[in-house]
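Here's the letter readout for the chains.
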Amino acid sequence: MPCPNKAGRKRSPRHSNKRYKICRDKANNFLPAPVTNGTKQSTHIPLAGKPRPAGGELHIRQRDRQENLGAVSVTDWCDWKWQFRNRVRSLEKLALALERPVASLAPCRPVIRSYPLAITPYYLSLLDPADEKDPLRRQCFPDPRELSFSLGEMTDPLGEERTMLVPGLIHRYPDRCLAIVTGDCAVYCRHCNRKRMWREKKPGGVRERLQAMVDHVARTPSIREVIVSGGDPLLIPERMLDWFLGALQAVPHVEVLRIGSRAPVTLPMRITPELCAMLKRHRP
Ligand code: SF4
């Protein structure tokens with residue numbers, strides 16, 4: 001597809017050079033443009049789209065990191081655990097990011113009581129908070145319409161629960177199954193068809209649940225493909241994922257292992273050299 005500029009089309013503000021620069025920097029390093037903050041190098045989290053007025057920049061002091069978004073060290077920004085810990089989980093934080101009074105988000109409060117809010121600072125920096133139609137914003141900002149159910153609509157729209165022969169393992173087709181290893185995600189997508197799981201507390205330990213899935217796969221010779229999914233499987237402890245992939249790979253009739261994750265999009269820092277080395281050990 002030709003580049004919009006080469007094709008002579010006018011660039012929208014969304015495709016301004018500024019935005020491209022921010023995206024390119026992030027693509028290289030997940031970094032917005034660094035600025036100097038006293039003697040310490042820090043980086044402002046730009047909420048992409050429009051240049052921000054000086055007073056409107058979100059600035060953070062060391063001690064406020066848990067509560068606000070703003071200037072963070074480069075090391076923190078590139079650390080997936082920092083990103084995960086500092087996700088926007090409340091309307092107060094979201095209002096700060098949008099530079100809007102929190103009262104204007106009041107209609108969203110019942111929504112996040114049922115379906116929690118979670119946005120990584122990285123993902124937040126990609127969207128245009130001023131554009132209500134921004135597709136990234138629509139994916140992760142709560143919307144009161146999430147609570148309207150029409151007749152016949154179900155919390156489990158794909159009927160997954162009734163195909164689980166062991167908890168968390170969807171076995172709908174004879175030759176493949178899908179393992180829900182966690183209900184947690186870095187960013188909660190508002191369109192998710194498994195949002196019923198976001199608040200679910202699973203009984204028993206993770207290891208026991210995963211072992212029950214491996215046992216089911218091992219005693220079902222028709223299964224040749226296992227999709228490791230969630231939630232986001234890259235959020236469970238790496239050693240646990242390593243063990244789970246190894247246990248599935250050891251089953252003779254399993255030919256294909258697939259991992260379903262949105263981390264490369266919502267939390268790309270999660271793709272560490274250590275994770276890649278571990279995944280490499282489990283390739284066919
Ligand atoms: S990443 Fe997938 S499972 Fe997680 S909220 Fe988004 S659509 Fe749902």
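How each quantity is defined
Residues numbered from 1 in each chain as written. Predicted model: local features only at pLDDT ≥ 70, side-chain atom pairs only at ≥ 80, totals over all residues. Heavy atoms only, no water. Buried < 20%, exposed > 50% of the residue type's maximum accessible area, 1.4 Å probe, protein only. Helix = DSSP H or I, 4+ residues; strand = E, 2+ residues; numbered from the N terminus. Pairing = 2+ DSSP bridges. Salt bridge = Lys/Arg side-chain N within 4 Å of Asp/Glu carboxyl O. Axes fitted to C-alpha atoms, helices over the stretch in contact; angles between N-to-C directions. Contact = heavy atoms within 4.5 Å. 1 Å grid on protein atoms, 1.4 Å probe; cavity = no way out; pocket = protein on both sides within 12 Å on 5 of 7 lines; lining within 4 Å. Points joined across faces, edges and corners; volume = space filled by probe spheres on them. Nonpolar A, V, L, I, M, F, W, Y, C, P; charged D, E, K, R; others polar.

It is worth spelling out the pairing of strand β5 (residues 176–180) at this point. Within β5, 4 of the 5 residues are buried, which leaves it mostly tucked inside the rest of the structure. Summarising the sheet, strand β4 (residues 169–173) and β5 pair through 3 bridges and their orientation is antiparallel. Along β5, the bridge assignment pairs Ile-170 with Leu-178. Hairpin remark: β4 followed by β5, antiparallel, with 2 residues in the connecting loop. Strand direction decides the pairing type here: β5 and strand β6 (residues 225–229), joined by 5 bridges, are parallel.

A few words now on the pattern of salt bridges. Tallied over the full model, the rule gives 14 salt bridges. Among the ionic pairs, Arg-190 bridges to Glu-146, the shortest N-O distance being 3.0 Å. One end of the pair, Arg-190, is in the loop between β5 and α8 (206–218); the other, Glu-146, is in the loop between α7 (135–140) and β3 (164–166), and 44 residues separate them in sequence. Each member of the pair Arg-190 and Glu-146 is classed as buried. One salt bridge connects Arg-281 with Asp-242, and the closest N-O pair in it is separated by 3.0 Å. Placement of the pair is Arg-281 in helix α11 (residues 273–281) and Asp-242 in helix α9 (residues 238–249), with a sequence separation of 39 residues. Judged by its relative accessible area of 53%, Arg-281 is exposed.

Now for the sheet that holds β6. With mixed pairing, 5 strands are arranged side by side in an open sheet as β3-β4-β5-β6-β7. In this open sheet, the two edge strands, each paired with only one partner strand, are β3 and β7 (256–259). Going across the sheet, the axis of each strand differs from the next one's by a mean of 25 degrees, ignoring polarity.

By secondary structure assignment, the location of Thr-220 is in the loop between α8 and β6. Exposure remark for Thr-220: the relative accessible area of 15% places this residue in the buried category. As for Thr-220 and Pro-174, which are separated by 46 residues in sequence, their C-alpha atoms are 9.0 Å apart. Filtering out sequence-adjacent residues up to four positions away, Thr-220 remains in contact with His-171 and His-253.

The volume enclosed by the largest pocket comes to roughly 510 Å³. Lining the largest pocket are 28 residues, and of these Leu-178, Asn-193, Arg-194, Ser-229 and Gly-230 lie nearest its centre. Going through the elements one at a time, β4, β5 and β6 are the ones with two or more residues in the lining of the largest pocket. Looking at which element gives the most residues to the lining of the largest pocket, the answer is β4, with 4 residues. Of the pockets and cavities examined, the second largest pocket occupies roughly 440 Å³. Around the second largest pocket, the lining is made up of 18 residues, and of these Phe-141, Pro-142, Asp-143, Pro-144 and Arg-145 lie nearest the centre. Of all the elements in the fold, those that place two or more residues in the lining of the second largest pocket are α4 (91–98) and α7. For the lining of the second largest pocket, the residue count by class is 8 nonpolar, 2 polar and 8 charged.

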